[in-house]
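Each chain, written out:
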Amino acid sequence: MSNNLQYQFKAAVDYGFKEGIDKHAVKAELGKGKIDKVYSYKARKSLIQTGAQFANYLKINYPQIKYIKDIRSEHAEAFLKDSICRGCSNNTVLQYKARLDKLALLAAKKYRTSVHYMEHLKINLNENTKKVRDKAFSRADYDTIMTYTKDSKSYSRVGLELAGMTGARAEEITNIRAKDINLDQKIIHIHNGKGKRSRDIPIQNKDIRRLTELILALRPEEKLAPVRANSLNQYLARQCFRLGITEYKEAKTGVHAIRKMYATEAYLERINSGMGKEEAWGEVSEILGHGKDRMDLFRVYVKV
């Protein structure tokens, strides 16, 4: 196994791919035991995609791992928790888990070695959804990352800038277009956010100059950060790793933690201006895209 992890997973899938064989007939013959073969192009594609995602996650968060045989259950568990905090549904996470199990079986067959990363793996979807996302980015850490990457031309860095300016979700950030920035009215329009709801986010005076620079050379329909939502989290994770910022890695969170930083600062700014708790949170909750009467989310987003 001298190639990178992504190639190792793909090679294992291709080794086990048996086109034109009826898997139902095989199952009837072998019973309910695990089968180290792949029988459809659809299954092959899904396994290769999940293998690539898993390999990329390990490359960013556990760069010391070079071979499939060295992956442990804690690494697979961390990958599944990361999927939860990126907003994947329980069904999607369970599909990932099933594919990781299949990939381990295929790799063991291909490389004739023991692959143990699915042994003793525990993932409680309900408990982990609460635990892994209960973390806000600190302003100091955010500023450290933005200073460290100030010369970067990456669209993902622009996405992190927008996250700090707006508190928007990663998926919403990657869909902000130049025409959505209204500097005269000092608003950023979020079109078809979560639940297909649109809203306006106020622009702070300190951000006007930077937003002007960002949209200056763009056509109205062009996006400011034309990347996938997960690319923002991956970019953030890489910078944290390079700077030795580890607490968010353990919390398995990303842009969502910057969203909480924004919410906390926006709430305190309104409290300091004389607003009451419910009024201040009501405004912030609307900016976040949750609606005004959501006191049940106050402790989720405001970390004071």
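Going along each chain's sequence as written, the residues are numbered from 1 onward. Only residues with pLDDT of 70 or above have their local features reported here, since the model is predicted, and side-chain atom pairs are shown and tallied only from 80 upward, although totals for entire chains, interfaces and linings are computed over all residues. Hydrogens and water molecules were not included; the side-chain quantities draw on all heavy atoms of the structure.

Undergrad: Would you take a moment to explain the overall build of the protein for this structure?
TA: For the protein, the count of helices and strands is 15 helices and three strands. Contacts: residue pairs with any heavy atoms within 4.5 Å of one another. Sequence separation of at least 24 residues holds for 67% of the intrachain contacts in the protein that already meet a minimum separation of 6. Computed with the Shrake-Rupley method and a 1.4 Å probe, the accessible areas treat only the protein chains shown as cover for residues. Total accessible area computed for the protein in this model is approximately 16,500 Å², and 48% of it derives from carbon and sulfur atoms. Elements are defined by DSSP. Helices are runs of H or I of four residues or more, strands are runs of E of two residues or more, and each kind is numbered from the N terminus.

Undergrad: Sorry, what's going on with the nonpolar core here?
TA: The tendency in soluble globular proteins is for nonpolar side chains to be buried as a group. We define the nonpolar core as a collection of buried residues of types Ala, Val, Leu, Ile, Met, Phe, Trp, Tyr and Cys that are connected through side-chain atoms lying within 4.5 Å of one another. Throughout, exposure labels follow a simple rule: accessible area from a 1.4 Å probe, protein chains only, divided by the maximum for the residue type, with under 20% read as buried, over 50% as exposed, and the rest as partly exposed. Ranked by internal contacts, the top residues of the largest apolar core, which has 49 residues, are Phe137, Leu162, Ile181, Leu211, Leu224, Ile258 and Trp281. The biggest single contributor to this core is helix H13 (residues 255–272), with eight residues. Within the second largest apolar cluster, 33 residues are counted, among which are Tyr62, Leu80, Ala107 and Ile123.

Undergrad: What is the right way to read the sheet that holds strand S2 (residues 187–190) from this model?
TA: As a general point, the strands of a sheet are linked pairwise by backbone hydrogen bonds and lie either parallel or antiparallel. Only when DSSP finds a minimum of two bridges between them are two strands counted as paired. Reading across the sheet, the three strands line up as S1-S2-S3 and stay open at both edges, with antiparallel pairing between neighbours. Only two strands of the sheet have a single partner each, and these edge strands are strand S1 (181–182) and strand S3 (199–202). Relative to S3, S2 runs antiparallel, the two being bridged by four bridges. What sits directly across from isoleucine 187, in S3, is proline 202.

Undergrad: Just to check I follow, could you spell out the pattern of salt bridges for this structure?
TA: Note that side chains of opposite charge can pair when their charged atoms are close. Each salt bridge in this description consists of a side-chain nitrogen of Lys or Arg and a carboxyl oxygen of Asp or Glu lying within 4 Å of one another. All told, the structure shown has 22 salt bridges when counted by the stated rule. Several salt bridges converge on common partners, so that one network encompasses Arg157, Glu161, Arg209, Arg210 and Glu213.

Undergrad: Please clarify how helix H8 (residues 155–166) should be interpreted in this entry.
TA: Because each turn of an α-helix spans 3.6 residues, side chains separated by three or four positions end up pointing in the same direction. Residue count minus one, scaled by 1.5 Å, sets the expected span of a helix. With 12 residues, H8 extends 16 Å from end C-alpha to end C-alpha; this agrees with the ideal 16 Å at 1.5 Å per step. Burial runs high along H8: 11 of the 12 residues are buried. Listed in full, the buried residues belonging to H8 are Ser156, Arg157, Val158, Gly159, Leu160, Glu161, Leu162, Ala163, Gly164, Met165 and Thr166. Following H8 by one or two positions, glycine 167 has its phi on the positive side, about 70°.

Undergrad: Just checking my understanding: could you explain unusual backbone geometry for this structure?
TA: Among all residues except glycine, the phi angle is most often negative; among peptide bonds, the trans geometry is most common. Despite not being glycine, arginine 112 has its phi angle at roughly 50°, a positive value. As for its placement among the helices and strands, arginine 112 is situated in the loop between helix H5 (90–111) and helix H6 (125–131). Its relative accessible area of 74% is what places arginine 112 among the exposed residues. With a phi angle near 65°, histidine 120 is a residue other than glycine that sits in the positive phi range.

Undergrad: Whenever I open this one, H13 confuses me. Can you help?
TA: Across its 18 residues, H13 extends 26 Å between first and last C-alpha, which sits within 8% of the 26 Å expected from 1.5 Å per residue. Most of H13 is tucked away: 13 of the 18 residues are buried. After H13 finishes, the residue glycine 274 shows a positive phi value of roughly 110°.

Undergrad: Help me understand the packing of aromatic side chains, please; the structure alone is not making it clear to me.
TA: When we look at a pair of aromatic rings, we describe it by the centre distance and by the angle of the planes. Any two of the Phe, Tyr and Trp rings considered here, Trp counted by its six-membered ring, make a pair once their centres fall within 6.5 Å; the pair's planes then place it as stacked at under 30 degrees, edge-to-face at over 60, or tilted in between. Counted by the stated rule, this structure contains 10 aromatic pairs. Linked through ring pairs, Phe9, Phe54, Tyr57, Tyr62, Phe79, Tyr96 and Tyr117 together constitute an aromatic cluster.

Undergrad: Explanation requested: the side chain of aspartate 180 in the structure shown.
TA: Residue position: aspartate 180 is located in the loop between helix H9 (170–173) and S1. Sequence-distant contacts of aspartate 180, that is, excluding residues within four places in its chain, are made with Asn175, Ile187, Ile188 and His189.

Undergrad: Quick question: what am I supposed to make of the environment of lysine 10 here?
TA: Position of lysine 10 among the secondary structure elements: in helix H1 (residues 5–16). Note: C-alpha distance between lysine 10 and isoleucine 48 (38 residues apart in sequence) is 5.5 Å. Each polar contact in these results corresponds to two N or O atoms within 3.5 Å; when the atoms are within protein, one needs to be able to donate a hydrogen and the other to accept it, and residues that are neighboring in sequence are counted only if both atoms are side-chain atoms. Polar contacts involving the side chain of lysine 10 include one to the side chain of aspartate 14, which spans 2.8 Å.

Undergrad: Could you clarify how one ought to interpret the pairing of S2 in this entry?
TA: Along any regular strand the residues' side chains alternate between the sheet's two faces. Pairing between S1 and S2: two bridges, direction antiparallel. Across the sheet, residue asparagine 182 finds its bridge partner in S2, namely isoleucine 187. Linkage of S1 to S2, two consecutive antiparallel strands, is achieved through a turn of four residues, within which lysine 186 is found at a positive phi near 60°.

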